[in-house]
Amino acid sequence: NAGVTQTPKFQVLKTGQSMTLQCAQDMNHNSMYWYRQDPGMGLRLIYYSASEGTTDKGEVPNGYNVSRLNKREFSLRLESAAPSQTSVYFCASSEKSGEKLFFGSGTQLSVL
Amino acid sequence: AQSVTQLGSHVSVSEGALVLLRCNYSSSVPPYLFWYVQYPNQGLQLLLKYTTGATLVKGINGFEAEFKKSETSFHLTKPSAHMSDAAEYFCAVSGYSGTYKYIFGTGTRLKVLA
């Protein structure tokens, strides 16, 4: 049972570089989410997808884009990385909106 | 709009003492409320969930939470702390207002003293 799989687990970028964080779930969930976790700030919602084909901004969407590629996959793209985007990123999914979240193991991103 | 406020970023209790972690929510629609726990270097796991109905919700590992609409609170308690309870705890709210967002509080780190 893989659950929610995030890749990569660790990444170091230079300012201005781009990258895509990948997330896939094998639970046939409808809703998927991207969060960032910073010390003292909890988890902040970047983008979410309530169902396949839809995406919406969360609390901190600036500097990020997302793609709900299909029901399984929800990717997060940083077009031009900035040091302020140094964080731990979590992908999560739920069977439907408002239900229990299942989390991936996280991606630790450092932007130098 | 929905939001949650967790009072106390750090809480220390002695082993065997009562654990009380505070959460207040704001929601313009009937909320779903959750408590999650995060152990070091791991993702979050669900402790318990409130939807509608009973105000006292029982979760895993002996935790429970009481929903008080009049106080807009959803505090987490455990009668007797164990060393293994040391972790970070997050309150979260979700509710339909056009779409569902899922908003977390800033977290409370629980330390259990021997």
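That block above? That's the structure.
Residues numbered from 1 in each chain as written. Chains lettered and ligands numbered in written order. Predicted model: local features only at pLDDT ≥ 70, side-chain atom pairs only at ≥ 80, totals over all residues. Heavy atoms only, no water.

**Re the overall build of chain A**
- Secondary structure assignment for chain A yields zero helices and eleven strands.
- For chain A, the sequential pattern of α-helices and β-strands runs β-β-β-β-β-β-β-β-β-β-β.
- A globule of 112 residues ought to have a C-alpha radius of gyration of about 13 Å, and chain A, at 13 Å, matches this closely.
- Considered along the principal axes of its C-alpha atoms, chain A spans approximately 35 × 30 × 25 Å.
- Looking at chain A alone, contacts between residues at least 24 apart form 55% of all its contacts between residues at least 6 apart.
- When the accessible surface of chain A is split by element, carbon and sulfur atoms take 48% of a total near 5100 Å². (Helix = DSSP H or I, 4+ residues; strand = E, 2+ residues; numbered from the N terminus. Rg over C-alpha atoms; globule rule 2.2 N^0.38 Å. Contact = heavy atoms within 4.5 Å. Areas by Shrake-Rupley, 256 points an atom, 1.4 Å probe, with all protein chains shown as cover.)

**Section: the interface of chain A and chain B**
- Each partner contributes to the interface: chain A provides 21 residues, whereas chain B provides 20 residues.
- Across the chain A to chain B interface the summed buried area is about 1600 Å²; carbon plus sulfur atoms make up 60%.
- Between chain A and chain B we count one salt bridge in total.
- Measuring nitrogen to oxygen at the nearest pair gives 2.7 Å for the salt bridge that ties A:Glu99 to B:Lys49.
- Looking at the side of chain A that touches chain B, the elements with two or more residues in it are strand 4 (31-38), strand 5 (42-49) and strand 6 (56-57) of chain A.
- If one sorts the elements of the side of chain A that touches chain B by residue count, strand 5 of chain A sits on top with four residues. (Buried area = accessible area lost by both parts, 1.4 Å probe. Salt bridge = Lys/Arg side-chain N within 4 Å of Asp/Glu carboxyl O.)

**Structural notes on the sheet that holds strand 3 (residues 19-25) of chain A**
All names here are of chain A.
- One open sheet holds the four strands; their spatial order is 1-3-8-7, and the pairing between them is antiparallel. Edge positions in the sheet fall to strand 1 (4-7) and strand 7 (64-68), since each has one partner strand and no second. Across the sheet, the mean angle from the axis of one strand to that of its neighbour is 15°, orientation sign disregarded.
- The pairing of strand 7 with strand 8 (residues 74-78) spans five bridges and is antiparallel. Across the sheet, Tyr64 pairs through a bridge with Leu78, a residue of strand 8. (Pairing = 2+ DSSP bridges. Axes fitted to C-alpha atoms, helices over the stretch in contact; angles between N-to-C directions.)

**Re the state of the cysteines**
- Enumeration according to the criterion identifies two disulfides over all chains in this entry.
- Covalently, A:Cys23 is tied to A:Cys91 through a disulfide, its sulfur atoms 1.8 Å apart. The sign of the -75° torsion about the S-S bond sets the A:Cys23-A:Cys91 disulfide as left-handed. Note that A:Cys23 is positioned in strand 3 and A:Cys91 in strand 9 (residues 87-94), a separation of 68 residues in sequence. Each member of the pair A:Cys23 and A:Cys91 is classed as buried.
- Each sulfur of the disulfide joining B:Cys23 and B:Cys91 lies 2.0 Å from the other. (Disulfide = S-S within 2.5 Å. Buried < 20%, exposed > 50% of the residue type's maximum accessible area, 1.4 Å probe, protein only.)

**What to know about the pattern of salt bridges**
Residues and elements named next belong to chain A.
- Summed over all chains, the structure comprises seven salt bridges over all chains.
- Across the pair Arg36 and Asp38 runs a salt bridge whose closest N-O atoms are separated by 2.9 Å.
- Under the relative-accessibility criterion, Arg36 is labelled buried at 8%.
- Residue classification places Asp38 among the buried residues on the basis of a relative accessible area of 10%.
- Note that Arg44 is salt-bridged to Asp38, the shortest N-O span being 2.8 Å.

**Things to note about the nonpolar core**
- Core analysis: the biggest nonpolar cluster contains 45 residues, and A:Phe103, B:Trp35, B:Tyr89 and B:Phe104 have the highest contact counts within it.
- With six residues, the single largest contributor to this core is strand 9 (residues 87-97) of chain B.
- Membership of the second largest hydrophobic core comes to 20 residues, among which are A:Leu13, A:Leu21, A:Cys23 and A:Leu78. (Core = buried A, V, L, I, M, F, W, Y, C linked by side-chain atoms within 4.5 Å.)

**Thoughts on the packing of aromatic side chains**
Residues and elements named next belong to chain B.
- Per the counting criterion, the structure on display carries 18 aromatic pairs over all chains.
- The interplanar angle of 35° and the centroid separation of 6.1 Å between the aromatic rings of Phe34 and Tyr36 together place this pair among those described as tilted.
- Tyr36 gets classed as buried once you look at its relative accessible area, which sits at 0%.
- Just above the ring of Tyr32 sits the side chain of Lys49; from NZ or CZ to the centre is 5.3 Å. (Phe/Tyr/Trp six-rings, centres within 6.5 Å; stacked < 30°, edge-to-face > 60°. Lys NZ or Arg CZ within 6 Å of the ring centre and 35° of its normal.)

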